[in-house]
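The primary structure of each chain is shown beneath.
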Amino acid sequence: MDRGVEQRLQCLVPRALLDPERTDLPCGDAQGLVPVELRWRGDQLSAIEPCGGSGLPLALTPLVDPHVHLDKAFSWPEFPNYSGRMQAALDLNLQEGQGRTAEQVLQRGERALDRAWRYGLRGLRSHIDSGGPCAEPSWQALLELQQRWSGRIELQLVALAPLFLWRSSEGLALARRVAAAGGLLGGVLGPPFPSSGRDGADLDALLRLAGELGCGIDLHIDESSEAPAAGVQLLVQRLERFHPGVPVTCSHASSMGLLRAAQARPLAQRLQRLGVAVVALPTTNFWLLGREQSVSSGFRPLAPLRLLQQEGVAVALGADNVQDPWYPGGDFDPLDLLRLSFRATHTPPWERQGLMPFTTTPARLLGLAWDGVLRVGGPADLLLTSAGSWAEFLAHSPQRRVLRQGRWLPLPDRAHPDVRLANVV
Ligand SMILES: [Zn+2]
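(A) Molecular detail of the domain arrangement of the protein chain. Assigned domains of the protein chain: these are domain 1 (7–61 + 373–408) and domain 2 (63–365). Averaged C-alpha coordinates put domain 1 and domain 2 at centres separated by 30 Å. Contacts between the two partners involve 23 residues from domain 1 and, on the opposite side, 22 residues from domain 2. Of the roughly 1,800 Å² buried where domain 1 meets domain 2, counting both sides, 65% is carbon and sulfur surface. The largest share of the area that domain 1 buries against domain 2 comes from Leu 394, Arg 400 and Arg 404, three residues that together contribute 31% of it. The tally of links between domain 1 and domain 2 comes to one salt bridge. For the salt bridge of Asp 333 with Arg 400, the shortest nitrogen-to-oxygen distance reads 2.7 Å. Between domain 1 and domain 2 we count six residue pairs in polar contact (both at pLDDT 80 or more) in total. Of all the secondary structure elements, the ones that give two or more residues to the side of domain 1 that touches domain 2 are strand 13 (382–385), helix 13 (390–395) and strand 14 (400–404). The element best represented in the side of domain 1 that touches domain 2 is helix 13, accounting for four residues. The class makeup of the residues in the side of domain 1 that touches domain 2 is 13 nonpolar, seven polar and three charged.

What follows is the structure, encoded as structure tokens:
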């Protein structure tokens, strides 16, 4: 088959994103970067060769976001939450859900996926509010978007429902629909934890159902500054009694960051033994959590990423909420998340473990065919930045070009500030 003219590009690529079997390629400099010439024909890489040259642009491969909420994205203008408090966010979310239509979710999701794609995301896992009147229109719209975007963005869907729903006939019907769409079962696990201890029984039902249907599980868990890691502890206890044999993800696990290392480490070891992954969500956690403290002191719980990685737990990072009552900012831009996370979580970009939470680990959590590592014969997909080093990448938001299937995508359609500043003299 004629794959067309060979194209080429010289750039700096993190060694972590280059074929580990290519022992002829150098190890990378102090920043973990290797200057290479990439060549491709059609949608496949045809060569990766070391090269000299200075002033080369830093390139990644398109990234994967393991945790977003497409159904409510961009709802902030109608449902703003100026208090920044979680309870207000939840109340506004429920209010918005009462009147949500499939047409609205289609528009929100289309806008979100178009931006994500142009910004350089290739996979997204989205939670969907699934416990009230908004469930049906939201699922209808997102299943349609999943088809519409197939081949450009892999969209995986999670049913975000009250845990008790998974014990009802309504929950069973929803779970069957989710399973048919290759989706996951989800929910919220405290605090508060009901004094009846009902959460444990609800969790058992969820684990059984997920096992029967072969659905993965992704729970919002311990998104709080209270009762440190109580939800993770409960989940681990239940999984140690019965593991459904499907992938399990803890999203947030924020209050685990409040445990002392002597308490957190054994819990991390149990998570590792059970194969449970953790998805940390710094943007929303930093916006919402810790506001109860009377003096602002940066008291903002976040999953202890480095400790979890040291114990071998799969850790990924996601954007979570975008322009909704939970967080007014964000734009589905993975480079924004990288720049925040490198600062906020001390994930060092020059180390393999600093990049894995955005690249290979979320690709694995979503079960994507490509891990995001460049290999000859693999996808000709790149996220090319204008930065020449990690320091430049951190200094200011870089420009970018995205290569998908061997073709450069159009630039993101940003609302450039110069439109609003055009009349300023
Ligand atoms: Zn979330």
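(B) Quick peek at the coordination of the zinc ion. For the zinc ion, the protein coordination sphere consists of His 67 (NE2), His 69 (NE2), His 220 (NE2) and Asp 320 (OD), at 2.1 to 2.4 Å. Its four donor atoms give the zinc ion angles of 87 to 172° at the centre, a pattern that matches the irregular case. Ordering the donors of the zinc ion by residue number gives the pattern H-x1-H-x150-H-x99-D. Note that His 67 is positioned in strand 5 (residues 63–68) and His 220 in strand 9 (residues 216–221), a separation of 153 residues in sequence. The exposure classification of His 67 matches that of His 220, with both residues buried.

(C) The arrangement of the environment of Gln 405 in detail. Secondary-structure assignment places Gln 405 in the loop between strand 14 and strand 15 (407–408). When the C-alpha atoms of Gln 405 and Leu 45 are compared, they prove to be 9.4 Å apart, with 360 residues separating the residues in sequence. For Gln 405, the contacting residues outside a window of four places in its chain are Gly 42, Asp 43, Gly 151, Ala 380 and Asp 381.

(D) Looking closely at the sheet that holds strand 3 (residues 44–50). If you walk across this open sheet you meet the three strands as 1-2-3, and the pairing is antiparallel. Whereas interior strands pair on both sides, the edge strands pair on one side only; in this sheet they are strand 1 (7–14) and strand 3. In this sheet, neighbouring strand axes are inclined to one another by 30° on average, regardless of whether the strands run parallel or antiparallel. One ladder, built from six bridges, connects strand 2 (residues 33–41) with strand 3; its direction is antiparallel. In the sheet register, Arg 41 faces strand 3, and the bridge partner there is Gln 44.

(E) Examining helix 3 (residues 135–148) more closely. Taking 1.5 Å of rise per residue, 14 residues should cover 20 Å, and helix 3 covers 20 Å from first to last C-alpha, within 8% of that figure. Of all the residues in helix 3, the buried ones are Ala 135, Pro 137, Ser 138, Trp 139, Ala 141, Leu 142, Leu 145 and Gln 146. In this structure, the buried side of helix 3 is in contact with helix 2 (102–119), strand 6 (121–129), strand 7 (154–161) and helix 4 (169–180).

(F) Up close: the packing of helix 6 (residues 230–241) against helix 7 (residues 261–274). Remark: helix 6 packs on helix 7, axes separated minimally by 10 Å, with the N-to-C direction vectors making an angle of 40°. By the angle between their directions, the pair helix 6 and helix 7 is classed as oblique. Relative to helix 7, the crossing made by helix 6 is left-handed. Judged by residue contacts, Val 232, Gln 233, Val 236, Gln 237, Leu 239 and Glu 240 of helix 6 engage Leu 267, Arg 270, Leu 271 and Leu 274 from helix 7.

(G) Expanded view of the packing of aromatic side chains. Inspection of the entire model under this criterion finds nine aromatic pairs. Ring centres of Trp 117 and Trp 149 lie 5.8 Å apart, and the angle between their planes is 70°; this geometry places the pair in the edge-to-face category. Taken as a pair, Trp 117 in helix 2 and Trp 149 in the loop between helix 3 and strand 7 lie far apart in primary sequence, 32 residues in all. The exposure class assigned to Trp 117 is buried, which follows from its relative accessible area of 13%. On the accessibility criterion, Trp 149 (1% relative accessible area) is buried. Three or more aromatic residues link up through ring pairs in this structure, and these residues are Phe 342, Phe 358, Trp 390 and Phe 393. Against the face of Trp 117 rests Arg 152, its NZ or CZ located 5.4 Å from the ring centre. Seen from the ring of Trp 287, Arg 291 lies directly overhead, with NZ or CZ sitting 4.9 Å from the centre.

How each quantity is defined
- Residues numbered from 1 in each chain as written.
- Predicted model: local features only at pLDDT ≥ 70, side-chain atom pairs only at ≥ 80, totals over all residues.
- Heavy atoms only, no water.
- Domains from an automatic or database assignment.
- Contact = heavy atoms within 4.5 Å.
- Buried area = accessible area lost by both parts, 1.4 Å probe.
- Salt bridge = Lys/Arg side-chain N within 4 Å of Asp/Glu carboxyl O.
- Polar contact = N/O pair within 3.5 Å; in protein donor to acceptor, adjacent residues only side chain to side chain.
- Helix = DSSP H or I, 4+ residues; strand = E, 2+ residues; numbered from the N terminus.
- Nonpolar A, V, L, I, M, F, W, Y, C, P; charged D, E, K, R; others polar.
- Donors = N, O, S within 2.8 Å, 3.2 Å for Na, K, Ca; no water.
- Tetrahedral: all angles 85-135°; square planar, octahedral: opposite > 155°, others 65-115°.
- Buried < 20%, exposed > 50% of the residue type's maximum accessible area, 1.4 Å probe, protein only.
- Pairing = 2+ DSSP bridges.
- Axes fitted to C-alpha atoms, helices over the stretch in contact; angles between N-to-C directions.
- Expected span 1.5 Å × (residues − 1).
- Parallel < 35°, antiparallel > 145°, perpendicular 65-115°, else oblique.
- Left-handed = near helix turned anticlockwise from the far one by under 90°.
- Phe/Tyr/Trp six-rings, centres within 6.5 Å; stacked < 30°, edge-to-face > 60°.
- Lys NZ or Arg CZ within 6 Å of the ring centre and 35° of its normal.

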